[in-house]
Amino acid sequence: MRKKLSRRQILTGLSGVAGVVATRPLLAADSAEQLSLEKIDQLLASTRQQGWAPSGLGQRSAFESPQRLPLYNIASGTPLQDLHGTITPADLHFERHHAGVPTLDPDMHELLIHGMVDKPLKFSLADLKRMPSVTRVCFIECSGNLNIRAGEKTTPQQLSGLTSQSEWTGVALSTLLNETGVKGKARWFLAEGADAAVLARSIPLAKGLDDAMIAYAQNGEAIRPEQGYPFRLLLPGWEGNTNVKWLRRLEVSDQPFMTREETSKYTDPLKSDKSRLFSVVMDARSIITSPTYPSVLSKGWTEIRGLAWSGHGKIVQVDVSVDGGRRWQKAALQGPVLSKAHTRFTLPWRWDGTGTELLSRAVDESGYIQPTRRQLIDSRGLGSLPYHLNCILGWQVRSDGQVLYAAEPWA
Ligand SMILES: Nc1nc2c(c(=O)[nH]1)N[C@H]1C(S)=C(S)[C@@H](COP(=O)(O)O)O[C@H]1N2
Ligand SMILES: [Mo]
């Protein structure tokens, strides 16, 4: 039978406090006897005064302060170890810009589409917003997203923080190309930014007509200046560099333009002394985000959590090893699993206090399996420009509970 509560107990909230204590067997918490009147008084403090009023713009809790971190002095990384689910808050989306963030007035800025088209056209932000819109969730990852010099005391953010995910809204590029028309011999287009880097990449027309988007919104609001305001090219699953921000010009052509960004940069030197050009699709990879450095584990149950993604489509499986790779278990994938999108994986794990190493391995719907570091080095060789390093990463758990990145030398 349920105990009857007095009106006074309900008003002061005492019953609530007692209830919380009684249902906390998972934590080594104080028993009801140990809960002093002073503690109870503190717990009730928030109920004795009016909270703050509604405001024009919300803020994070004063107790939470996730931060992007500068990486290699040219970028800032997402704090992967501090986030949950799959969407990156827009103000924590990683940044990479080659000549800073330009200030672009949407009333002045336009997108020109010309070259091998029937009718060259210009589009303002207002024009784009009037057209049929599309929305999708996908990741953007820099192809240089692995710090090969990382030591043991490295967080996921410092190791691989140049990947983030948003819900993007904009106009399908195919809708715009339908307006301009494209000549029969057209096969490529140049995408050029309006920043001081005038970053430009050649993109196959097939990708442009497939799932390319001119994105003007990020997680429901105008795209952030760091992400390309007023609009950027979004190429789901393709290396970050091809997702040209502050987009001002698309020139349709029958051949690639061989820009600086696709010849001297963003090519992959191979063992054979040759280089791989236009290696633009991001292969599958995964990273455990918890427990990782700087966590200190306590014995007992914990949930291993991480992210897996692939530029080739959906993640179909993530395997986790809690014994340095001897045995692998299937992690649970948090649905809905989307194509070309960060996918959250979890695995409950009971740590017995012995030192070990945690690993994760992603498999995508094309059948591709995330390679080990050895397999990656053996298949590609390692030149001086390390792009597309998507190998399995490990986290050492020491017997004192300290979790460290299992750093290994690259060459
Ligand atoms: N115009 C322009 N677009 C750009 C860049 C740039 O410097 N200028 N950097 C590229 C690189 S290298 C990456 S990884 C992504 C990063 O996108 P983000 O800053 O929105 O995360 O933008 C790409 N688009
Ligand atoms: Mo990048």
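Only a predicted model underlies this, so the values are computations on that prediction, with no experimental measurement involved.

Visitor: Explain the UniProt feature "domain: Oxidoreductase molybdopterin-binding" (unreviewed entry) in the protein to me, please; I cannot follow it from the model alone.
Guide: The positions that UniProt labels "domain: Oxidoreductase molybdopterin-binding" (unreviewed entry) are, in the present scheme, residues 98-258. Between the end C-alpha atoms of residues 98-258 there is a gap of 18 Å, over a span that is 16% helix and 34% strand.

Visitor: Quick question: what am I supposed to make of the domain arrangement of the protein here?
Guide: In many analyses, interface size is given as the accessible surface area lost on bringing the parts together. We note that the domain assignment places domain 1 (69-266) and domain 2 (285-405) within the protein. On the side of domain 2, 31 residues touch domain 1, which itself brings 36 residues to the contact. If you sort the residues of domain 1 by the area they bury against domain 2, Phe139, Leu146 and Glu152 come out on top, with a joint share of 19%. The tally of links between domain 1 and domain 2 comes to 3 salt bridges. Residue Glu141 is joined to Arg285 by a salt bridge in which the shortest nitrogen-to-oxygen separation is 2.8 Å.

Visitor: Please explain the site of ligand 1 as it appears in this structure.
Guide: As a structural note, the neighbourhood of ligand 1 is formed by 20 residues, with Phe94, His98, Asp195, Arg232 and Lys245 the closest of them. Between an oxygen atom of ligand 1 and a main-chain N or O atom of Phe94, the distance comes to 2.6 Å. At a separation of 3.0 Å, an oxygen atom of ligand 1 approaches a polar side-chain atom of Gln227. Against a free-state accessible area of 530 Å², the protein chains account for coverage of 100% of ligand 1. Of the residues that constitute the shell around ligand 1, the class distribution is 6 nonpolar, 8 polar and 6 charged.

Visitor: Can you walk me through the nonpolar core in this structure?
Guide: Formed by 36 residues in total, the largest nonpolar core has its most connected members in Leu159, Ile304, Val320, Trp349, Leu358 and Trp395. Elements supplying a minimum of two residues to this core: strand 16 (285-290), strand 17 (300-309), strand 18 (315-321), strand 21 (343-351), strand 22 (356-364), helix 9 (373-380), strand 23 (394-397) and strand 24 (403-405). Among the domains, domain 1 (69-266) and domain 2 (285-405) are the pair contributing at least three residues each to this core. The contacts of Val320, once residues within four sequence positions are left out, are Ile304, Arg327, Trp328, Gln329, Ala331, Phe345, Leu347, Leu359 and Ser360.

Visitor: Would you take a moment to explain the pattern of salt bridges for this structure?
Guide: Where charged atoms from two side chains of opposite charge come close, those side chains can pair. Applying the stated criterion to the full structure yields 24 salt bridges. When the shortest N-O distance is used, the salt bridge between Glu95 and Arg68 registers 3.3 Å. Here the residue Glu95 occupies a position in strand 3 (residues 95-96), and Arg68 occupies one in the loop between helix 3 (37-43) and strand 1 (69-71), the gap between them amounting to 27 residues. The buried category is assigned to Arg68, whose relative accessible area is 18%. Put simply, Glu226 and Arg68 hold a salt bridge, and the shortest N to O gap is 3.0 Å. Remark: Arg68 occurs in the loop between helix 3 and strand 1 and Glu226 occurs in the loop between strand 11 (221-222) and strand 12 (232-234); sequence separation between them is 158 residues. Through salt bridges with shared partners, a single ionic network connects Arg136, Lys207, Asp211 and Lys340.

Visitor: I tried to follow the sheet that holds strand 22 on my own but got confused; where do I start?
Guide: Hydrogen bonding along the main chain pairs the strands of a sheet, whether they run parallel or antiparallel. Taking strand neighbours across the sheet as the criterion, the 5 strands line up as 19-18-22-23-24 in an open arrangement whose pairing is antiparallel. Looking at the sheet topology across the chains shown, the edges are occupied by strand 19 (329-330) and strand 24. Relative to strand 22, strand 18 is paired through 6 bridges, and the arrangement is antiparallel. Considered in strand 22, the bridge of Val318 is made with Ala362.

Reading the values: the criteria
- Residues numbered from 1 in each chain as written.
- Chains lettered and ligands numbered in written order.
- Predicted model: local features only at pLDDT ≥ 70, side-chain atom pairs only at ≥ 80, totals over all residues.
- Heavy atoms only, no water.
- UniProt positions renumbered as here; feature names shortened; annotations may be inferred.
- Helix = DSSP H or I, 4+ residues; strand = E, 2+ residues; numbered from the N terminus.
- Domains from an automatic or database assignment.
- Contact = heavy atoms within 4.5 Å.
- Buried area = accessible area lost by both parts, 1.4 Å probe.
- Salt bridge = Lys/Arg side-chain N within 4 Å of Asp/Glu carboxyl O.
- Near = heavy atom within 4 Å.
- Polar contact = N/O pair within 3.5 Å; in protein donor to acceptor, adjacent residues only side chain to side chain.
- Areas by Shrake-Rupley, 256 points an atom, 1.4 Å probe, with all protein chains shown as cover.
- Nonpolar A, V, L, I, M, F, W, Y, C, P; charged D, E, K, R; others polar.
- Core = buried A, V, L, I, M, F, W, Y, C linked by side-chain atoms within 4.5 Å.
- Buried < 20%, exposed > 50% of the residue type's maximum accessible area, 1.4 Å probe, protein only.
- Pairing = 2+ DSSP bridges.

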